[in-house]
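# Structural description and commentary
Residue-level listing of the chains:
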Amino acid sequence: MIIGLDVGGTHTDAVLLDDTGPLKEIKVPTDHRDLLHTVTTGLDQVMADIDPQQVQRLVLSTTLTTNAVVQKQLAPVGMIVSSGPGIDPALFRTNAHYHVVAGSIDHRGREVQPIDGDEIHALAQALQAADIRYIGVVGKFSVRNPSHEQQIADLLNNHFEKIFMGHHLSGHLNFPRRIATTHLNAAVYPVHKKFFTAVKQSLAAKGLRIPIRVLKADGGNTRFTTSIDSPGQTVFSGPAASIIGSVGYAAPGTETVVLDIGGTTTDMAVLIDRAPLLAARGVDAGPHKTLIRALDTTSIGLGGDSAVRVVDGDFQIGPRRRGPAMAFGGPVPTPTDALLVLKKLDTGDHERAREGIGTLAGQLDQTPEEAAAGIFDCCCRLILEAIDHMVAQINSKPVYTVHELRDGHRAAPRELLVLGGPAPHFAERLEQLSDYTVRVVPKWHVANAIGAALARTTSEVTLFADTEQKTATAPEENFNKKIDGGYDRQAALTDAFDLLRDKAIRHGAQANHLEMEAVETQEFNMVRGFRTIGKNIRVKVQIKPGLMHGYAKLLES
Amino acid sequence: MLTAPNKTGLVFFPAFDWAISPTHPEREERLLYTQDQVLEEGLFDIDGIVEYKPDLVTAHDIQRVHFCVPDVAAVTTESHLISAGGAKTIGRAVMDRHVTRGFALVRPPGHHAMRVVHGARGFCNVNIEAVMIEYLRQTYGVRRIAIVDTDCHHGDGTQDIYWHDPDTLFISIHQDGRTLYPGSGFIQETGGPTAVGTTLNIPLPPNTCEEGFLYTIRNVVRPILDEFKPDLIINSAGQDNHYSDPITNMNFSARGYAELTALLKPDVAVLEGGYSIEGALPYVNVGIILAMAGLDYSHVMEPDYDAVKQRQDPQISAYIEQVGESVLSIWQNRAAIQAKMQNGENFYRRNRRLFYDTDNITEEQQETIRLCPACSGTWKIDTTSSLGKRILAVHIPRRACSACRRLGRDWYTEAANGYDSVLLQDRPEDRYLTNPCNES
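Residues numbered from 1 in each chain as written. Chains lettered and ligands numbered in written order. Predicted model: local features only at pLDDT ≥ 70, side-chain atom pairs only at ≥ 80, totals over all residues.

Attention now moves to the overall build of chain B. On a plain count of helices and strands, chain B comes out with 13 helices and 16 strands. Relative to its length of 440 residues, chain B is compact, with a C-alpha radius of gyration of 21 Å against a globular reference of 22 Å. Each principal axis of the C-alpha atoms in chain B carries an extent, and together these give about 60 × 45 × 40 Å. Here chain B, with 440 residues, has 58% of them falling under the buried criterion. The contacts in chain B between residues at least 6 apart in sequence include a share of 73% that link residues at least 24 apart. (Helix = DSSP H or I, 4+ residues; strand = E, 2+ residues; numbered from the N terminus. Rg over C-alpha atoms; globule rule 2.2 N^0.38 Å. Buried ≥ 20, exposed ≤ 12 C-beta atoms within 10 Å, placed from the backbone. Contact = placed C-beta atoms within 7 Å.)

Let us look at the overall build of chain A. Helix and strand content of chain A: 16 helices and 27 strands. What you see for chain A is a C-alpha radius of gyration of 25 Å, in line with the 24 Å of a compact globule of 557 residues. Along the first, second and third principal axes, the C-alpha set of chain A runs to 75 × 60 × 45 Å. Sorting the 557 residues of chain A into buried and exposed places 51% on the buried side. Relative to all contacts within chain A whose residues are 6 or more apart in sequence, the contacts with residues 24 or more apart total 63%.

Next up on the list: the sheet that holds strand 27 (residues 531-543) of chain A. All names here are of chain A. If you trace the five strands from one edge of the open sheet to the other, you get 25-24-23-27-26, paired in antiparallel fashion. Two strands lie at the open edges of the sheet, namely strand 25 (479-482) and strand 26 (516-528), each paired on one side alone. Each neighbouring strand pair of the sheet contributes to a mean axis angle of 10°, computed without reference to strand direction. (Pairing = 2+ DSSP bridges. Axes fitted to C-alpha atoms, helices over the stretch in contact; angles between N-to-C directions.)

This part is about the domain arrangement of chain B. Residues and elements named next belong to chain B. Domain boundaries in chain B define domain 1 (3-334) and domain 2 (344-439). Taking only C-alpha atoms, the centre of domain 1 and the centre of domain 2 are 28 Å apart. Listed by partner, the interface residues are 22 residues for domain 1 and 26 residues for domain 2. Breaking the side of domain 1 that touches domain 2 down by element, the ones donating at least two residues are helix 2 (59-63) and helix 5 (128-140). In the side of domain 1 that touches domain 2, the residues fall into ten nonpolar, nine polar and three charged. (Domains from an automatic or database assignment. Nonpolar A, V, L, I, M, F, W, Y, C, P; charged D, E, K, R; others polar.)

Looking now at the domain arrangement of chain A. Domain boundaries in chain A define domain 1 (2-63 + 207-244), domain 2 (79-182), domain 3 (250-440) and domain 4 (456-556). In this complex, domain 2 of chain A contributes eleven residues to the contact, which on the side of domain 4 of chain A involves nine residues.

Now for helix 15 (residues 489-507) of chain A. Residue and element names in this part refer to chain A. Taking 1.5 Å of rise per residue, the 19 residues of helix 15 would be expected to cover 27 Å, and the 26 Å separating its terminal C-alpha atoms lies within 8% of that figure. Three or more residues of helix 15 are buried, namely Ala-492, Asp-495, Ala-496, Leu-499, Leu-500, Ala-504 and His-507. Taken down its axis, helix 15 places every buried residue within 160° of arc, on the same side. The exposed set on the far side of helix 15, more than 90 degrees from its buried face, consists of Gln-490 and Thr-494. Where helix 15 terminates, the next one or two residues include Gly-508, which has phi positive at roughly 120°. (Expected span 1.5 Å × (residues − 1). Arc of directions from axis to C-beta.)

Residue and element names in this part refer to chain B. Between helix 7 (residues 210-228) and helix 8 (residues 254-264), the least distance of the axes is 10 Å, while the angle of their chain directions is 10°. Compared by their axis directions, helix 7 and helix 8 come out roughly parallel. Contacts from Glu-210, Phe-213, Leu-214, Ile-217, Arg-218 and Arg-222 in helix 7 reach Gly-256, Glu-259, Leu-260, Leu-263 and Leu-264 in helix 8. Class assignment for the residues of the contact of helix 7 with helix 8 results in six nonpolar, one polar and four charged. (Parallel < 35°, antiparallel > 145°, perpendicular 65-115°, else oblique.)

Our focus in this paragraph is the environment of Tyr-135 of chain B. Residue and element names in this part refer to chain B. Relative to the assigned elements, Tyr-135 resides in helix 5. For Tyr-135, a count of 24 C-beta atoms within 10 Å puts it in the buried group. Taking the C-alpha atoms as reference points, Tyr-135 and Gly-91, 44 residues apart in sequence, are found 8.8 Å from one another. Residues in contact with Tyr-135, not counting those within four places in the same chain, are Asp-61, Lys-88 and Gly-91.

Facing 36 residues of chain A, the contacting portion of chain B comprises 36 residues. When contributions to the side of chain A that touches chain B are tallied by element, the ones reaching two or more residues are helix 6 (175-205), helix 12 (402-407), strand 26 and strand 27 of chain A. A class-by-class count of the residues in the side of chain A that touches chain B yields 18 nonpolar, eleven polar and seven charged.

On to the nonpolar core. All names here are of chain A. The biggest cluster of nonpolar side chains holds 130 residues, and the ones touching the most others in it are Ile-3, Ile-135, Leu-259, Ile-375, Leu-417, Val-418 and Ala-453. The leading source of residues in this core is helix 6, at twelve residues. The residues touching Ile-135, leaving out its near neighbours within four places in the chain, are Val-77, Gly-78, Ile-80, Leu-156, Phe-160, Ile-163, Phe-164 and Ala-186. (Core = buried A, V, L, I, M, F, W, Y, C linked by C-beta atoms within 7 Å.)

Here the focus is the pairing of strand 16 (residues 431-434) of chain B. Residues and elements named next belong to chain B. Pairing analysis gives four bridges linking strand 15 (residues 421-426) to strand 16, with the strands arranged antiparallel. Residue pairing for strand 16: Asp-426 is matched across the bridge by Arg-431. What sits between the antiparallel neighbours strand 15 and strand 16 is a turn of four residues, in which Asp-430 has the positive phi angle 50°.

Residue and element names in this part refer to chain B. Pairing is parallel across the open sheet formed by eight strands, whose spatial order is 2-1-4-10-9-6-7-8. Strands with a single pairing partner mark the edges of an open sheet, and in this sheet they are strand 2 (47-52) and strand 8 (199-204). Averaged over all adjacent pairs, the angle separating strand axes in this sheet is 15°, with direction ignored. Looking at chain direction, strand 4 (residues 101-106) and strand 10 (residues 268-271) are connected through three bridges and run parallel.

Our next topic: unusual backbone geometry. Following Arg-107 of chain B, the chain continues into Pro-108 of chain B via a peptide bond in cis, with omega recorded as 0°. Within the secondary structure, Pro-108 of chain B sits in the loop between strand 4 and strand 5 (116-117). A cis amide bond links Tyr-181 of chain B to the next residue, Pro-182 of chain B, at an omega of 0°. Among the structural elements, Pro-182 of chain B can be located in the loop between strand 7 (168-175) and strand 8. Not every positive phi belongs to a glycine, and Lys-72 of chain A is a case in point at roughly 55°. Assignment of secondary structure puts Lys-72 of chain A in the loop between helix 2 (64-70) and strand 5 (77-82). Among the residues examined, Lys-72 of chain A registers 7 C-beta atoms within 10 Å and is labelled exposed.

Moving on, we come to the packing of helix 7 of chain B against helix 10 (residues 314-332) of chain B. All names here are of chain B. Packing of helix 7 against helix 10 brings their axes to within 10 Å, and their N-to-C directions diverge by 15°. What the angle tells us is that helix 7 and helix 10 run roughly parallel. Where helix 7 crosses over helix 10, the two elements pack in a sense that is right-handed. Contact residues: helix 7 offers Glu-211, Gly-212, Tyr-215, Thr-216, Asn-219, Val-220 and Ile-224, while helix 10 offers Ile-316, Ser-317, Ile-320, Gly-324, Val-327, Leu-328 and Trp-331. Of the residues belonging to the contact of helix 7 with helix 10, the class tally is eight nonpolar, five polar and one charged. (Left-handed = near helix turned anticlockwise from the far one by under 90°.)

All names here are of chain A. Structurally, the position occupied by Val-539 is in strand 27. Taking the C-beta count within 10 Å as the criterion, Val-539 has 27 such neighbours and is therefore assigned buried. A sequence separation of 512 residues divides Val-539 from Lys-27, and the C-alpha atoms of the two residues are 44 Å apart.

In this fold, Gly-286 of chain A is placed in the loop between strand 16 (284-285) and strand 17 (288-289). Separated by 216 residues in sequence, Gly-286 of chain A and Val-70 of chain A place their C-alpha atoms 10.0 Å apart.

Attention now goes to helix 9 (residues 281-293) of chain B. Residues and elements named next belong to chain B. The end-to-end C-alpha separation of helix 9 is 18 Å, in line with the 18 Å expected for 13 residues at 1.5 Å each. Counting buried residues in helix 9 gives 13 out of 13 residues, a clear majority hidden from the surface. Gly-294 sits one or two positions beyond helix 9 and adopts a positive phi of about 80°.

Here it is, written out as structure tokens:
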């Protein structure tokens, strides 16, 4: 049996399931001041009357690190950044203890300027004196040659509790994002470690030794033990659980839009043959542009509690939420009130809802029913427009080869999967107003917890080989090997898949069911003076997000 | 988070699957390290830098500029349609005010492609700047346009296309034609008899340093631009003046290119040549993008940059000042030179022999232009290539007077036998026709 538990903004959902399907679902209120209590309460309830020996795994999706980032409750970090020429690295300052040091590596991974050991020693003393315990070390082009980051970390070792190096966290190029990512990982490390250690202890106190897993922003899980080396992967994992909880209901072989209609926002994602699209560069949350792998989600300020006004003879819905619906004691009319007037919902105070919608109707010389229908349609149209916009954005992503530009895939989703409170009502109207086939996700109210429980272990490996310099490097995996002139794309893929297999199993994947794929394979002849001097090879392989092997069928039944 | 003072559009299209031949300078690898540098610097994350996917240009877009022999499809590949399309995408983004300026970092290049295209010259098939410009003129009604070509090689294709167009100021700054392909671009090349002075050439001596380039922009190019008052400034941003370029002999730098861009303030920059793919392009392109966006580029520097080597020989400086004075004097005396060239005649003829180095074709041309008092004059080219085709190409300019429009149409319909085909560029009507006998 598996337990999936998702801590949401208002509620925390937990499910217990086995290979026959969900056995038990519970919902408890989220107490943001005491998430540990929230989680243990949820676990106690979902496990009541269950033999704990039967629980093989507990997967947690929490807002812990996200809250730490949003509320700026971050641990003090010592950032050591070596850049060399380019944009002034001072512009990428993340925090108070941000230090730019000597050292420079070029685009092919060649050393341009060495690091200065004395400078690092002096910095180590200063950071220790400032009582800094967590360190981030980042170099420009460190994913091409991590030696400078490694040297700096070695010089600092034994003086600090935990050192994060940029090249371990992502194999992608993007120095400013590498800086932000490394800082974020170091800054949420203590809170992440403390929380999950506490969960473990609380379980142990009850005699339970259930392996804990953590849901990441890319919709995959990883063991708690591996997550402490990249705790930043849990930041902004919010929408991932619901999307993964929906993929099993998408028709195979088609393109699908998942819509999670909440109180304040509607979150959207595109699935291609049940695989959610990943964000091109990484988590992109406001000022936090990172290399953290994440699902490509779009959020619009429209939900059941969005404030509705009349502006210039038309309804304006959202993007602000001013409180709950009037039917539930809120200050202004909302789409939820409109659903009550239309008799699509039967909870809450009908009179208050009618009164609120009536005020808007009065401004337009309409009956409350007409106004409610207008508001509802307006919501549906805004959602459909946002879907069009999102799909257009996906299709306008630049490509860099003639082949891709001419024959590249164009996303054209045909179905919508809707979840969230008013899902059934919206589904019906969205289908009437569009060409999409629209369905409601069964068990949508716990799809998030199901998603957490059934997510597979995802992983990615980037490998870069340069036969002139005779090296193949997979920075995230500490892989560096001497190669000869015969090393080619195929050899690079073989190495990359071997590394991915090891990494995925280490992180918790089922060894017999690794769905590995190559995302990118490029091989260039390097020509100098009309002579080929070597090959430049770039390979990216991954296990993409989706459901664990053997569970997709279970959801269909 | 970094924010660009000038909202800047970028099309980055490295064509990683296209090459002229495996070891040709114009090969798959050319923008690989530029991509690495641009990605690693995080330029696409800067608030105010917008990346666009290139559109493809149509055959019609190309026919506005070129007489393609035998037709557009025969002399272009998909990659040319995309690279010209990238320039067009940026031009549109600027005209639609989605961005204040933009840079098309595309390949293959285009500035050696002339009006008549029998094949590839200097790695170029179609002139991507001209295709963009004529599209913008047609779509947005822009009239006065300046092109400043800062590629190390003379932009002979662009010069040829705008030779008779007084609305297009073409200034090429390049390594002296006595020392480098294509061997043209001398000070005396100043445009056709109805457009004298709107073609200007500034040939610089080998080993010109930052000082020489920036002197020329400040003291020659900027004053002329300020007087011409173009509606748009286009920069053909070749990057082969760099000290590390393998096929040229200049001594320019990445920061120098950035400063040049900041001085020139182009609305649209389009990549042309530049073949120091590791030592120059990654740094030059970052410098140009930062300068376009109005961001600080003072930390952009090549790993092997040496300030001592940038000290310009005083003799070179003196020579460059002289060149500048000659060019300015031509610009100031352009009306007189034009009158002398026209010499009261009604028509003007020139005969030329052209060579297509990339495709190894020779072409013989006889060009006739009407010296019209009311407009820039209809012209025609009788061209024969070593591939054996003889073509008559007739061009009616955008703002042709009615007499010139009539003349152009007459030349087209009344062409004598002996041509493999007769082509008409009717710019006022935006129609491009082939062989009048086929139409009836």
